[in-house]
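# Summary of the model geometry
So the chains spell out like this:
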Amino acid sequence: MTQTTKTTRKKRRRGYATAVIFWICLLLILAPFGVLGWILFSSSMDSNAPVLGNRYKGDLDPAITSNQLEEIRTAISVLPDIDSFDVQMTTATLRVYTDVRDDADEVFCTMRSEELYNTIAPILDPAVYFTQHDGKKMYDLEIHVYNHERDMEVPIEEDTFVYVIRVKNSSMPEARPQLVSSPRNAALAAKLRQDVIDRKAREEAEKAQQEAEQAAQEGTTEVDVTGELPEEGAEGQEGAEGGEQ
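Residues numbered from 1 in each chain as written. Predicted model: local features only at pLDDT ≥ 70, side-chain atom pairs only at ≥ 80, totals over all residues. Heavy atoms only, no water.

### With respect to helix α2 (residues 66-77)
Between its first and last C-alpha, α2 extends 17 Å over 12 residues, near the 16 Å set by a 1.5 Å rise per residue. Of the residues making up α2, those classed as buried are Q68, L69, I72 and I76. Taken around the axis of α2, the buried residues stretch over an arc of 100°, which confines them to a single face. With respect to the buried face of α2, the exposed residues turned more than 90 degrees away are S66, N67 and T74. Contacts from the buried residues of α2 go to β1 (82-90), β2 (93-100), α3 (106-120) and α4 (126-129). (Helix = DSSP H or I, 4+ residues; strand = E, 2+ residues; numbered from the N terminus. Expected span 1.5 Å × (residues − 1). Buried < 20%, exposed > 50% of the residue type's maximum accessible area, 1.4 Å probe, protein only. Arc of directions from axis to C-beta. Contact = heavy atoms within 4.5 Å.)

Following this line, the structure appears as structure tokens:
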């Protein structure tokens, strides 16, 4: 074997080893970018998909069935002085909305909320369905009773709107009513309402002032583009023409 052949083989081996090392280094450099690109791509594909899960896993046992909700609707439908009602199950909260007669006062609405609670209790025992037990979270109950829809055009002081909510959370020992149509702190509520009225009045005054200033600026920058000369200028031109003649 000649010296030239040995030298050629050594050069080929070195070139092959160099190529292998180059591609390995290139793969090591590109690998993190490839992984990052895949993460970004998969995240963008999943961005419009909802994250499914059950935060009440192991809770709400026993569960409220649709048949029990129908029983509640049937029991409420025979109660007097109810214009309309609705029974809804939202997540883990049973809500009962009841519109009673328009002349109902606070006492009537409070008593009606208690009557509705006692109507639901034989179907859904509060100690079972609306009370925590064995470390399990259970349902919440809200009973809404109001005498008519709130008229936003009528001042609160003159409005006869009454709204009572009786609540029984699973962590509460007993259900409690709350009159939400009247503020607990009447003085603070009146101050807040007056602040809103004053703010709206200031905003309207500022808006009117800005419109007046804008109208005044537009009036001073008006330009006559009709090509007609003013009355005095026309007379001056006629006088000049007469002088030339």
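### Considerations on the packing of aromatic side chains
A complete count under the given rule lists three aromatic pairs for this structure. Ring centres 5.4 Å apart and planes at 75° place the aromatic pair F22 and W23 in the edge-to-face group. Pairwise contacts between aromatic rings join Y146, F161 and Y163 into one cluster. (Phe/Tyr/Trp six-rings, centres within 6.5 Å; stacked < 30°, edge-to-face > 60°.)

### Considerations on the sheet that holds strand β4 (residues 163-168)
Strand order in the open sheet formed by five strands is β1-β2-β3-β4-β5, and the pairing between neighbours is mixed. The two strands at the open ends of the sheet, each matched to only one other strand, are β1 and β5 (176-179). In this sheet, adjacent strand axes meet at a mean angle of 15° when their direction is disregarded. Bridging between β1 and β2 involves eight bridges; their strand directions are antiparallel. When the bridges of β2 are listed, V87 appears paired with V96. Lying over the sheet, α2 contacts β1 and β2, oriented at roughly 165° with respect to β1. (Pairing = 2+ DSSP bridges. Axes fitted to C-alpha atoms, helices over the stretch in contact; angles between N-to-C directions.)

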